[in-house]
Amino acid sequence: MVANIIKKFMNKVLRNFFKKKKQVKLGLYGPPNGGKTTLANRICQDWLGEDMGSVSNIAHETREIQIKEQITIKSKGKELTFNLVDTPGIATKIDYEDFIKAGMKDREAKTRAKEATKGVIDSIKWLDEMDTVVIVLDATKDPYSQVNITIIGNLQAREIPVLIVANKVDLKKAKIKKIEAAFPQYDVIGISAKYGDNINKFYEGLFALVD
Amino acid sequence: MGLVLQFVPYSEIEELGPARRVNKLLDMAKQNKIVLLEGRLKKEEEADLIAITMEEINNKFKGIELAVVNPQKKKEGTFLKGIKTAFIGTLLGDRQGFTIIGPATVVKQIRNDPGKIELLMQDTPAPKSRKQKKIK
């Protein structure tokens, strides 16, 4: 009980400290093809009027850490400034033959696979650098994957505040309730990063996360 | 070739440092064995396992499928049961539950729903039907 109170107090102190830091790092994490870069582009378009990275239906399109500095968002008279960090999707397996099946040539597929493995390693290394993290999950996919559980467990162990986004709610197969049931201890916001559905609620969620 | 399920008691990794633990388990998976570890790795070790797996990927080794079953996570109905679970958790620590690590060339997917675990195996060239094993 007492330990919990002390823990909560320390978390608040740390969060306030991060708020005062000049460069708060907001990371977008999740498995490949969840829509991290689509969400990063949505945020950058909404507040900077430009894209952050390219998107593709083929997994592992983002293979390097991408950073967009000094994004300021506003909601209900409040302002929040952060450096947005878009990370490569974390996976436990990468098979260059999957890229060939998606239409790539042998050499291109092997290069993409090699770069993708490096991207996953970088994403994991960067966990320690984050002040706050948005987990972007594809709401049409099974949320009980070990990758999701491992990412969230690592953030929890580092006491980094987490917001879960259930992306692709514009699709019929999307099941937000399943994501909520899988991670009941976290706020889950259903959005469509592609079409901007519910995006204001997402921004409000970001304010709630760092407050 | 038959399917090899390698059971690893927690005592076999208990005394090892994080890197040696991860490498021991990964080496078994690279030998095309499905590893069934008693207990679980620490969260940081799970992340290390993924990172080291990525370093090892080549044309033959495509990575792993991973699932951790943690009975401590299941919510108990009553306050007393909750205390009991917490007490057992404190006593057993990371010995509780089990971990499955399968090479991606053998295990296509591990579905870890709260009620059951499903191992979907990769199709072998000869039979076209997909084999499915369930552990309840």
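Everything here concerns the structure above.
Quick caveat, the model's predicted, so the values are computed rather than measured.

## Some points on the pairing of strand β3 (residues 64-69) of chain B
Residue and element names in this part refer to chain B. Of all six residues that make up β3, five are buried, and the element is covered over most of its length. In this sheet, strand β4 (residues 98-103) lies alongside β3 in antiparallel orientation, the contact comprising six bridges. Bridging from a neighbouring strand, Val69 pairs with Phe98 of β4.

## Focus: the side chain of A:Lys68
All names here are of chain A. Structurally, the position occupied by Lys68 is in strand β2 (residues 66-75). A residue is classified by how much of its surface remains accessible, and Lys68, at 18% relative accessible area, is buried. At 2.6 Å, the side chain of Lys68 and the side chain of Glu50 are in polar contact. Discounting chain neighbours no more than four positions away, the residues touching Lys68 are Cys44, Leu48, Glu50, Asp51, Met52, Phe82, Asn83 and Leu84.

## A word on the packing of helix α4 (residues 106-125) of chain A against helix α3 (residues 43-56) of chain B
With their axes 8 Å apart at the nearest point, α4(A) and α3(B) run at an angle of 155° to one another. By the criterion of interaxial angle, the relationship of α4(A) to α3(B) is roughly antiparallel. For the crossing formed where α4(A) meets α3(B), the hand is left-handed. For the pair formed by α4(A) and α3(B), the contact residues are A:Thr117, A:Val120, A:Ile121 and A:Ile124 on the first element and B:Ala47, B:Ile50, B:Ala51, B:Met54 and B:Glu55 on the second. For the contact of α4(A) with α3(B), the per-class residue count stands at seven nonpolar, one polar and one charged.

## A few points about the interface of chain B and chain A
On the chain A side, the residues contacting the 25 residues of chain B number 21 residues. Carbon and sulfur atoms supply 58% of the area that chain B and chain A bury against each other, a total of about 2100 Å² over both sides. The largest contributions to the chain B side of the interface with chain A come from B:Ile50, B:Met54 and B:Lys62, which together make up 29% of the buried area. Seen at the junction of chain B and chain A, the total is three salt bridges. Taken together, the links from chain B to chain A amount to nine residue pairs in polar contact (both at pLDDT 80 or more). Secondary structure elements with two or more residues in the side of chain B that touches chain A: α3, β3 and β5 (107-112) of chain B. The biggest single contributor to the side of chain B that touches chain A is α3(B), with nine residues. For the side of chain B that touches chain A, a count of residues per class yields 11 nonpolar, four polar and 10 charged.

Parameters and conventions
- Residues numbered from 1 in each chain as written.
- Chains lettered and ligands numbered in written order.
- Predicted model: local features only at pLDDT ≥ 70, side-chain atom pairs only at ≥ 80, totals over all residues.
- Heavy atoms only, no water.
- Buried < 20%, exposed > 50% of the residue type's maximum accessible area, 1.4 Å probe, protein only.
- Helix = DSSP H or I, 4+ residues; strand = E, 2+ residues; numbered from the N terminus.
- Pairing = 2+ DSSP bridges.
- Polar contact = N/O pair within 3.5 Å; in protein donor to acceptor, adjacent residues only side chain to side chain.
- Contact = heavy atoms within 4.5 Å.
- Axes fitted to C-alpha atoms, helices over the stretch in contact; angles between N-to-C directions.
- Parallel < 35°, antiparallel > 145°, perpendicular 65-115°, else oblique.
- Left-handed = near helix turned anticlockwise from the far one by under 90°.
- Nonpolar A, V, L, I, M, F, W, Y, C, P; charged D, E, K, R; others polar.
- Buried area = accessible area lost by both parts, 1.4 Å probe.
- Salt bridge = Lys/Arg side-chain N within 4 Å of Asp/Glu carboxyl O.

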